[in-house]
Amino acid sequence: MSKIQIGILAVQGDVTENFLATMASMSELGIDGTVVQVKTIEQISELDGLIIPGGESTVIGQMSLVNGGLKKIKEKIESGMPVFGICAGMIFLSKNSKDKIVGKVEQPLLDVLDVKIERNSFGRQKDSFEAKISMENVGISSFNGVFIRAPSVSEIGSDVEILAKFNEKIVAVKQGNILATAFHPELTRDISLHKSFVKLVDNLN
Amino acid sequence: MIPLSGDIPDSKGAICGKIDSNSIVRGTSTLKRGFAHMLKNGVVMDVTNVEQAQIAEEAGAVSVMVLDKLPSDVRKAGGVARTASIRIIEEIMDNVTIPVMAKCRIGHMYEANVLDETNVDMIDESEVLTPADEYHHIWKWDFTTPFVNGARSLGEALRRVEEGAAMIRTKGEPGTGNVAEAIYHIKKVNEELRTIKSMYDSDDKQELVKMAREFKVSYDLVEETAKIGRLPVVNFAAGGIATPADAAYLMSLGCDGIFVGSGIFKAEDAQERARAVVLATTFWEEPDKVKEAQKMIDERQSLLGLDVKNLDLKMQERGSTV
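Just so it is clear, the structure is predicted and the values come from calculations on it, not from any experiment.

**Student:** Looking at this model, I keep getting lost on the overall build of chain B. Mind explaining?
**Tutor:** Counting secondary structure elements, chain B contains 13 helices and nine strands. By the compact-globule yardstick of 20 Å for 322 residues, chain B fits well, its C-alpha radius of gyration being 19 Å. Its C-alpha atoms give chain B principal-axis dimensions of about 55 × 50 × 40 Å. Residues counted as buried form 61% of the 322 residues belonging to chain B. Of the contacts made within chain B by residues no fewer than 6 positions apart, 65% connect residues no fewer than 24 positions apart. Accessible surface computed for chain B: about 12500 Å², of which carbon and sulfur atoms make up 48%. Side chains of chain B carry 39 positive and 51 negative charges; the gap between the two charge centres is 3 Å.

This is the structure we're talking about:
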């Protein structure tokens, strides 16, 4: 079996936190692999899996557009590379996004996850919250969801599976090899979601 | 003890309100510090109106900071500098999707309350404004909204963290266009971190206790910081940043991101410069990209800048000793 390589998109946001969670997941699962922080086309080309971290989706999108990273990521995902988008990463993966207050904003998106996103869906920072989330479909019965100016999914395509809802809003989805959450597993000590992503990548190799 | 590792809810007065059910909590350390984590590797830009905020958002700013006057104008105007007009802050909040921050005076709890009620995403208790209390900073654990504070030494940074700051910015000298002070202070903080880290690594508790006394903070906080070898919260650089090269240099010194005050909107090529500073911050490890960014700006249009030695007012000294 070949050694897997998982990248954390290091354009903007909480890259280190995802790096550490992924490293911990690999070692706990006993999977031989490396975790790298990636930015350039060359680095992205080498990957077996990619995590797009939390941050500001407008910044991650614009800066990925600058060096051609966006196109390369899209190409890789379309050819089957597993990807895990968190908060801003979820927005970046989507086909369509609009802000709850400001409405439609021009921002570069990867257009691979067949969902419509409502940005800042739960309000501003003061409304950010922690709550228990259940994701039975991936075998996680209780997870501490950390929602920071979080988005939600307002519409889904037919291939999209809902993994979790909170207050009737969709906050975690899966579409083939694409996993996306509106909350931040990397800010908790619970690495079960990162582990299930690492397993997904490992199974394909 | 103050929660440091991030995932323990506050024990010191932070509001953990119940909204829909027992399972929802707000204003925890994880949420307040986590918000700052989302800004990492980004540029926060000072703005005074909607137009500037939109330019900043389009250029790739990770957040905007609303002021009544840019720091260099505060310096020129003299008098008392206070928090920005609420109407302008609200107008900006309604027109950009990125987080909006605003400044309040050091120690002015009710300016902070007003900003908290306004729903800004982060409050900057800032030395750019005239301090309202020379002896006390705001007790920030009491707020749901996270705070950022300035610091020019490790001791000052830890005092602010102990008061509940969710983020630190190492101070420069605001409104000067001179990056020297920002460089000096981040290097100083790094050096102090290395010192306490080596004390921790050699298990020298006595020296760590001495440091805690010198810093005027609890031993627990010093020990936790020494153990991880970095500030326990996100740390940005600020003050005097005017060019892409300034930003890239500060990133290389280990800052988590950049605040740009007068550097952008007091320059004559604000739009280009805003973009260039973001590019240099994102790609600081690639010298050719920093050069490309630097090429986007025209030095003749930079903020003229001030020599820090000849200043009558050193904003960085405000609130530093307490």
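**Student:** Help me out: how do you make sense of the overall build of chain A in this one?
**Tutor:** Helices and strands together make up the secondary structure of chain A, namely six helices and 13 strands. Taking 2.2 N^0.38 as the reference for a compact globule, 205 residues should give roughly 17 Å; the C-alpha atoms of chain A span a radius of gyration of 15 Å, in line with that estimate. Projected onto the principal axes, the alpha-carbon positions of chain A cover approximately 45 × 40 × 30 Å. Counting across all 205 residues of chain A, residues that qualify as buried make up 63%. Taking as baseline every contact in chain A between residues at least 6 positions apart, the subset at least 24 positions apart corresponds to 68%. Here chain A displays about 7500 Å² of accessible surface, and carbon together with sulfur accounts for 47% of that area.

**Student:** Can you help me understand the sheet that holds strand 1 (residues 25-26) of chain B in this one?
**Tutor:** Two modes of strand pairing occur in sheets, parallel and antiparallel, and in both the strands are linked by backbone hydrogen bonds. Across the sheet, three strands lie side by side as 9(A)-8(A)-1(B); this open sheet has antiparallel pairing. Where the open sheet ends on each side, the last strands, each with one partner, are strand 9 (140-147) of chain A together with strand 1 of chain B. The sheet contact formed by strand 8 (residues 129-135) of chain A and strand 9 of chain A spans six bridges and is antiparallel. By the bridge assignment, Lys132(A) is partnered in strand 9 of chain A with Asn144(A).

**Student:** What is the right way to look at the interface of chain A and chain B in this model?
**Tutor:** Accessible area lost upon the coming together of the parts serves often as the stated size of an interface. Taken together, the contact pairs 43 residues of chain A with 49 residues of chain B. Between chain A and chain B, the buried area comes to about 3600 Å², and carbon and sulfur atoms account for 54% of it. Summed over the shared surface of chain A and chain B, the number is five salt bridges. A salt bridge links Asp121(B) to Arg124(A), with the shortest nitrogen-to-oxygen separation between them at 2.7 Å. In this structure, the connection of chain A to chain B is made through 23 residue pairs in polar contact (both at pLDDT 80 or more).

**Student:** Looking at this structure, how should I read the nonpolar core?
**Tutor:** Nonpolar side chains in soluble globular proteins tend to end up buried together. Leu93(A), Met135(A) and Leu250(B) are the most contacted members of the largest nonpolar core, which totals 148 residues. Looking at this core, the element that brings in the most residues is helix 12 (residues 270-282) of chain B, giving seven residues. Among the nonpolar cores identified, the runner-up in size contains 21 residues, and Val161(B), Val189(B), Ala212(B) and Val233(B) belong to it.

**Student:** Any chance you could explain the confidence of the model for chain B here in plain terms?
**Tutor:** Averaged over every residue, the pLDDT of chain B is 91; residues scoring 70 or more account for 93%. This model gives residues 1-21 of chain B a pLDDT under 50, and the stretch forms 55 contacts once residues within four places in sequence are excluded.

**Student:** How should I be thinking about helix 10 (residues 244-252) of chain B in this particular structure?
**Tutor:** At 3.6 residues per turn, the α-helix brings residues three or four places apart onto the same side. Among the residues of helix 10 of chain B, Pro244(B), Asp246(B), Ala247(B), Ala248(B), Leu250(B) and Met251(B) are the ones counted as buried. Phi for Gly254(B), located one or two positions after helix 10 of chain B, is positive at around 100°.

**Student:** It is not clear to me how the pattern of salt bridges should be interpreted in this structure. Could you clarify?
**Tutor:** Residue and element names in this part refer to chain B. This model, assessed by the stated rule, comprises 31 salt bridges over all chains. A salt bridge links Arg-169 to Glu-127; the shortest N-O distance between them is 3.0 Å. One end of the pair, Arg-169, is in strand 7 (residues 167-170); the other, Glu-127, is in the loop between strand 5 (122-126) and strand 6 (147-151), and 42 residues separate them in sequence. On the basis of relative accessible area, Glu-127 is assigned to the buried category, the value being 2%. For Lys-210, the salt bridge goes to Glu-207, with nearest N and O atoms at 3.5 Å. Of the two residues, Lys-210 and Glu-207 are both situated in helix 8 (residues 205-215); the distance of three residues between them amounts to about one turn of the helix.

Parameters and conventions
- Each chain carries its own residue numbering, running from 1 in the written order of its sequence.
- Chain labels run from A onward and ligand labels from 1 onward, assigned in the order the entries are written.
- Totals for whole chains, interfaces and linings use every residue, but because this is a predicted model, local features are given only for residues with pLDDT of at least 70 and side-chain atom pairs only at 80 or more, for both listing and counting.
- Computation of side-chain values: all heavy atoms of the structure, hydrogens and water removed.
- Only DSSP runs of H or I covering at least 4 residues are called helices, and only runs of E covering at least 2 are called strands; the numbering of each starts at the N terminus.
- Atoms counted for the radius of gyration: C-alpha only. Globule rule: 2.2 Å times residue count to the power 0.38.
- Each residue is placed in one exposure class: buried if its accessible area under a 1.4 Å probe, protein chains only, is under 20% of its type's maximum, exposed if it is over 50%, and partly exposed if it falls in between.
- Residue contacts are defined here by distance: any two heavy atoms, one from each residue, within 4.5 Å place the two residues in contact.
- The Shrake-Rupley method, run with a 1.4 Å probe sphere, supplies the accessible areas, and residue values consider only the shown protein chains as cover.
- Under this rule, positive means Lys or Arg and negative means Asp or Glu; His and the chain ends count for nothing.
- Each charge is placed at NZ for Lys, CZ for Arg, CG for Asp and CD for Glu.
- Any two strands with at least two DSSP-identified bridges between them are counted as paired.
- Buried area: the sum, over both parts, of the accessible surface (1.4 Å probe) that disappears when the two are put together.
- Any carboxyl oxygen of Asp or Glu within 4 Å of a side-chain nitrogen of Lys or Arg constitutes a salt bridge here.
- Pairs of N or O atoms within 3.5 Å make up the polar contacts considered here, provided that, within protein, one atom can donate a hydrogen while the other can accept it, and that residues adjacent in sequence are counted only when both atoms are side-chain atoms.
- Put simply, buried Ala, Val, Leu, Ile, Met, Phe, Trp, Tyr and Cys residues joined by side-chain atoms within 4.5 Å make one nonpolar core.
- Known as pLDDT, the predictor's per-residue confidence is scaled from 0 to 100.

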